[in-house]
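# A structural walkthrough
Each chain, letter by letter, is given below.
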Number of protein chains: 2
Amino acid sequence: MTVELICVGTELLLGNIVNTNAAFISEKCAMLGLSMYYQSVVGDNPGRLEHLLHMAKERSDVIILSGGLGPTQDDLTKEIAARVMDKSLVEDSKVRKAIQEFMTKRGNTITENNWKQALVPEDCIVLHNSNGTAPGIIMEDEDTRIILLPGPPNELIPMFEEQVYSYLHNLQPEIICSKMVKLCGIGESAAETKILDLINTQKNPTVAPYAKTGEVHLRITAKAANEKDAFTMIAPMEEELKRRFGNLIYTDDPQVTLEMVVAKLLKKYHFTVTTAESCTGGLLAARLVNVSGISENFKEGYITYSNDAKEKLLGVSHETLKTYGAVSSQTAAEMAEGGAKAAKADICVSITGIAGPEGGTEEKPVGLVYIGCYCKGKVYTKKNLYTGNRSKIREYSVATALTLLRKAILNEVNERNEKTTRNLNKMNK
Amino acid sequence: MTVELICVGTELLLGNIVNTNAAFISEKCAMLGLSMYYQSVVGDNPGRLEHLLHMAKERSDVIILSGGLGPTQDDLTKEIAARVMDKSLVEDSKVRKAIQEFMTKRGNTITENNWKQALVPEDCIVLHNSNGTAPGIIMEDEDTRIILLPGPPNELIPMFEEQVYSYLHNLQPEIICSKMVKLCGIGESAAETKILDLINTQKNPTVAPYAKTGEVHLRITAKAANEKDAFTMIAPMEEELKRRFGNLIYTDDPQVTLEMVVAKLLKKYHFTVTTAESCTGGLLAARLVNVSGISENFKEGYITYSNDAKEKLLGVSHETLKTYGAVSSQTAAEMAEGGAKAAKADICVSITGIAGPEGGTEEKPVGLVYIGCYCKGKVYTKKNLYTGNRSKIREYSVATALTLLRKAILNEVNERNEKTTRNLNKMNK
């Protein structure tokens, strides 16, 4: 079954707003197993909208329209869609009452043009709008279904989730479910190489890699009669990915971010962490503080942009800075060690590099970034050479720093566990 | 002149990514006075793309395509657009060399399919891609111009700004020029109220406010035969805005950000600055470090998430924290004073607040944020109550902090100038 999306709004054509509705609706349709081949945006122009709707009716089974359901003269989506479907408009008393209640509750005055929103095509399904005055509408004929949704995301999203999703679900005998597995510490092509055999032979379920800044996400997708069957098909593929990527997988929950995983590890093992940042100037700390409730584990951080600050706040030796320079493995290591000491923290992550556009040399080009991590007596460092602009280089640095931080914690816990096992074995001898 | 946008990418149809390119290109075209009536999204499907391109060629003067210029078999935008324009593909040696250099610099291996990207339609204009391997392309025939751009925003945006914008500008007989005046320290409705008389009577030029996080941008737009005439029309309106808003205007350059203005002031007056952040956890410092070359003025910053860190690093008194709490005007002031002292800086900006979603109380709700600024002996504080989620509250806090920092510097300089004038007057008496 094919679905087509038409977003109506001059503000989209002028670039005043980003079309987040399109991404939302597309993702839901993909989950439902509906094939979307076309998305369009048109302005509040009756001729062009009508022409496009006729074309869409020829080529698609379901047409979803968003926007143009407001009370003003410009808002014509409903009128034109009704004409294309050959339906006349009639007033719906329930909708009229809902508009009245909505406006009264908000203390707004009802103007005459508001009642335009109480008109609906004959024989349609009316979708209640709990966040606005424009009702959603579903019209059906032998070939086509047209679904009209209000444009504001805070009205469209709940209406879709609560009413449209189940309607579309009933049309589809087969649904598509997917699961996301998120990796850090591996590049996209390396990740793809590791699963090329799976990709090349896949049918149902399928797996596909997506590159993110410093991360790779793998999406497993299965088509089945119902959700339970789909996830039963996904499970062995997920197991296989876990077997192949092991600890590189940091979560299988789409809502969970890398900093959330790190925060959870810190909390679980009662580790405190601090940060010592040069070129990222606080971005790493800011990502950790993204996680609400991290205050027990992250109490303070240092931004040491100058060499003096690296010496004063982190105790990096003057000798090291002179001999190897601020952007060096040695400095990154001393920043991490010194930061942990200054903050009396178990762990410290350090970043020092050249984010550009100025400051690069042949020997130390723009994009060269050293990441350090001190963790309970051990020091790790990683040399990186990133491409991109200043802000991209800084984003990559932060992602790599979080990855190294996670790795250091996992190593520490692992060694601790091995030691316990050895001691237990000794005792049992 | 009409322009039409076609974005190619299955990931858009699946809702994996939001189509920010469409908003970016639409906004630029609107600025150029080009009329956009259609935007479409199609997948990597040759038949549908070709059909759509033929249709677009019938109805639009300029067609901009983004995406589908990659090295794989799926990427077919260039091949199909060339066919529609009746051009054959030939290898461009300059592009081949650029690909070679780009890949070598990143240490990537060049595979055979990379060379596909060196093929360009005969007689086309090649747009250099400094951030990727896919060149942009402009094809022309008697009726139509087709512009092909790479899909990734970090490649598309600079290519558009540096090469496509001026090309489109040259096509337009009547152009639309606009100038942006950026304000901080005033809300959107307050700003609008101050210019309501101008808005209500405007024809050409026009002025319109745009709300940004913690800022308001006013865009003056004029339509004229050429750039010189347009800017002559814009000038008196700009003067009027400057008269009405005075120091609230921080720049009239669209490329200049608030942190760049602050950095320039710091540099000009040889002031050093430091930061003392709680709930923003480094975001303020990170925005300052966005400005390349700020190292002379910003040497170090403190992230003091816990009360202990506020006492230890900034010398906030235990008494103050106990009596007024961490989120208070008193703590913000002591953080600012203490931060300046610790860093031996002329100025220190502090932020302490409740970003949520947890941690709010009736007395101190989520969104309550105190900003402090110590500047050469004076201490300013500002109480704020923001709405929105955690990340929005933090963004607003940083914008307000930069605004307060700018105000403190301007005050300081102003007083200094007044003193000099007084002394000069005395001497002259």
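Each chain has its residues counted from 1, running along the sequence as written. Numbering of ligands from 1 and lettering of chains from A proceed in the order in which they are written. Per-residue local features of the predicted model are confined to residues with pLDDT of at least 70, and side-chain atom pairs are confined, for both listing and counting, to 80 or more; whole-chain, interface and lining totals are unaffected and use all residues. The side-chain numbers reported here are obtained from all heavy atoms of the structure, hydrogens and water having been left aside.

## Section: the packing of aromatic side chains
Here a ring pair, both rings aromatic, is described through the centre-centre distance and the interplanar angle of the planes. Note the threshold: Pairing of aromatic rings covers Phe, Tyr and the six-membered ring of Trp, with a centre-to-centre limit of 6.5 Å; geometry is then stacked below 30 degrees between planes, edge-to-face above 60, and tilted otherwise. Runs of H or I in DSSP of at least four residues are treated as helices and runs of E of at least two as strands, each being numbered from the N terminus. Our definition puts a charge over a ring when NZ of Lys or CZ of Arg is within 6 Å of the ring centre and also within 35 degrees of the ring normal.
The final tally for this structure, using the stated rule, is eight aromatic pairs over all chains. Arranged with centres 6.4 Å apart and planes meeting at 45°, the rings of phenylalanine 298 of chain A and tyrosine 305 of chain B form a pair that is tilted. You can see phenylalanine 298 of chain A sitting in strand β14 (residues 298-304) and its partner tyrosine 305 of chain B sitting in the loop between β14 (300-304) and α12 (307-314), one on each of two chains. Here the basic side chain of arginine 48 of chain A rests over the ring of tyrosine 37 of chain B, its NZ or CZ set 3.6 Å away from the ring centre. Just above the ring of tryptophan 115 of chain A sits the side chain of arginine 96 of chain A; from NZ or CZ to the centre is 3.9 Å.

## Observations regarding empty space enclosed by the protein
Any space left empty among the atoms is revealed by the rolling of a water-sized probe across them. Applied cut-off: Only protein atoms enter the 1 Å grid used here. Points where a 1.4 Å probe fits but cannot escape make up a cavity, open sets with protein on both sides within 12 Å along at least five of seven lines make up a pocket, and a residue lines them when an atom lies within 4 Å of a point. Grid points are joined across faces, edges and corners, and a volume is the space filled by probe spheres set on the points. Gly is put with the polar residues, along with every residue not named as nonpolar or charged; the nonpolar set is Ala, Val, Leu, Ile, Met, Phe, Trp, Tyr, Cys and Pro, and the charged set is Asp, Glu, Lys and Arg.
All chains considered together, the criterion is met by five cavities of 30 Å³ or more. For the largest cavity, the calculated volume is near 100 Å³. Every residue lining the largest cavity is counted, 13 residues in all, and those nearest its centre are Asn19 and Val41 of chain A together with Asn19, Gln39 and Val41 of chain B. Listing elements by their share of the lining of the largest cavity, those giving two or more residues are β2 (35-42) of chain A together with β1 (2-8) and β2 (35-42) of chain B. For the lining of the largest cavity, a count of residues per class yields seven nonpolar, six polar and no charged. Looking at the second largest cavity, its volume works out to about 60 Å³. Lining the second largest cavity are 13 residues, with Ser40, Leu52 and Arg59 of chain A together with Ser40 and Leu52 of chain B positioned closest to its centre. Where the lining of the second largest cavity is concerned, the elements lending two or more residues are β2 and α3 (46-59) of chain A together with β2 and α3 (46-59) of chain B. Considering each element in turn, the lining of the second largest cavity owes the most residues, four residues, to β2 of chain B. For the lining of the second largest cavity, the residue count by class is eight nonpolar, three polar and two charged.

## Examining the packing of α3 of chain A against helix α4 (residues 77-84) of chain A
Residue and element names in this part refer to chain A. Let me state the cut-off plainly: Between the N-to-C directions of two axes lies an angle of 0 to 180 degrees, each axis being a line fitted to C-alpha atoms and, for a helix, fitted only over the stretch in contact. Roughly parallel refers to an angle under 35 degrees, roughly antiparallel to one over 145, roughly perpendicular to one between 65 and 115, and oblique to any angle outside these ranges. Two helices crossing with the near one rotated counterclockwise from the far one by less than a right angle form a left-handed crossing, whereas a clockwise rotation gives a right-handed crossing. Every residue pair with non-hydrogen atoms within 4.5 Å of one another is taken to be in contact.
At a minimum axis distance of 10 Å, the contact between α3 and α4 shows a crossing angle of 45°. What the angle tells us is that α3 and α4 run oblique. Crossing geometry of α3 relative to α4 is assigned as right-handed. Contact residues: α3 offers Pro46, Leu49, Glu50, Leu53, His54 and Lys57, while α4 offers Thr77, Ile80, Ala81, Arg83 and Val84. The class makeup of the residues in the contact of α3 with α4 is six nonpolar, two polar and three charged.

## Some words on the interface of chain A and chain B
What counts, and what does not: Once two parts are joined, some of their accessible surface, as seen by a 1.4 Å probe, is lost; buried area is that loss totalled over both. Salt bridges are defined as contacts in which a side-chain nitrogen from Lys or Arg sits within 4 Å of a carboxyl oxygen from Asp or Glu. In protein, a polar contact means a hydrogen-donor-capable atom and an acceptor-capable atom, both N or O and within 3.5 Å, with residues adjacent in sequence counting only if both atoms are side-chain atoms; elsewhere, any N or O pair within 3.5 Å suffices. By this definition, two strands are paired if DSSP reports at least two bridges between them.
The partner chain B presents 58 residues to the 60 residues of chain A that form the contact. Between chain A and chain B, a total of about 4,800 Å² is buried, with carbon and sulfur atoms accounting for 55% of that surface. Across the chain A-chain B interface, the total number found is two salt bridges. One can count 28 residue pairs in polar contact (both at pLDDT 80 or more) joining chain A with chain B. Grouping the constituent residues of the side of chain A that touches chain B by class yields 30 nonpolar, 21 polar and nine charged. Sheet topology note: the β2 of chain A/β2 of chain B ladder contains five bridges and is antiparallel. Of the residues in β2 of chain B, the one forming a bridge with tyrosine 38 of chain A is valine 42 of chain B.

## Section: the sheet that holds strand β9 (residues 175-184) of chain B
Residue and element names in this part refer to chain B. Spatial strand order, β10-β11-β9-β12: four strands in an open sheet with antiparallel pairing. Either end of the sheet is taken by a strand with one partner, and the two such strands are β10 (206-212) and β12 (249-251). When the angles between neighbouring strand axes are averaged without regard to direction, this sheet yields 35°. Bridging between β10 and strand β11 (residues 215-224) involves seven bridges; their strand directions are antiparallel. Within β11, the position partnered with tyrosine 210 by the bridge is histidine 217.

## So, the side chain of threonine 272 of chain B
Among the structural elements, threonine 272 of chain B can be located in the loop between α10 (258-268) and β13 (273-277). Here threonine 272 of chain B is in contact with Glu296, Asn297, Lys299, Lys344, Ala345, Asp346 and Ile347 of chain B, once residues within four sequence places are set aside.

## Quick look at the nonpolar core
A general feature of soluble globular proteins is that nonpolar side chains tend to end up buried together. Cut-off, in case you're wondering: In this text, buried Ala, Val, Leu, Ile, Met, Phe, Trp, Tyr and Cys residues form a nonpolar core when linked through side-chain atoms within 4.5 Å. Residue exposure (1.4 Å probe, protein chains only): buried if accessible area is under 20% of the type maximum, exposed if over 50%, otherwise partly exposed.
Core analysis: the largest hydrophobic core is formed by 80 residues, its most contacted members being Phe298 and Ile347 of chain A together with Phe298 and Ile347 of chain B. The residues touching phenylalanine 298 of chain B, leaving out its near neighbours within four places in the chain, are Ile303 and Tyr305 of chain A together with Val273, Thr274, Thr275, Ala285, Leu288 and Val289 of chain B. Counting residues in each nonpolar core, the second largest holds 58 residues, with Val120 of chain A together with Leu53, Ile63 and Ala81 of chain B among its members.

On their own, these measurements won't tell you what the molecule is for.
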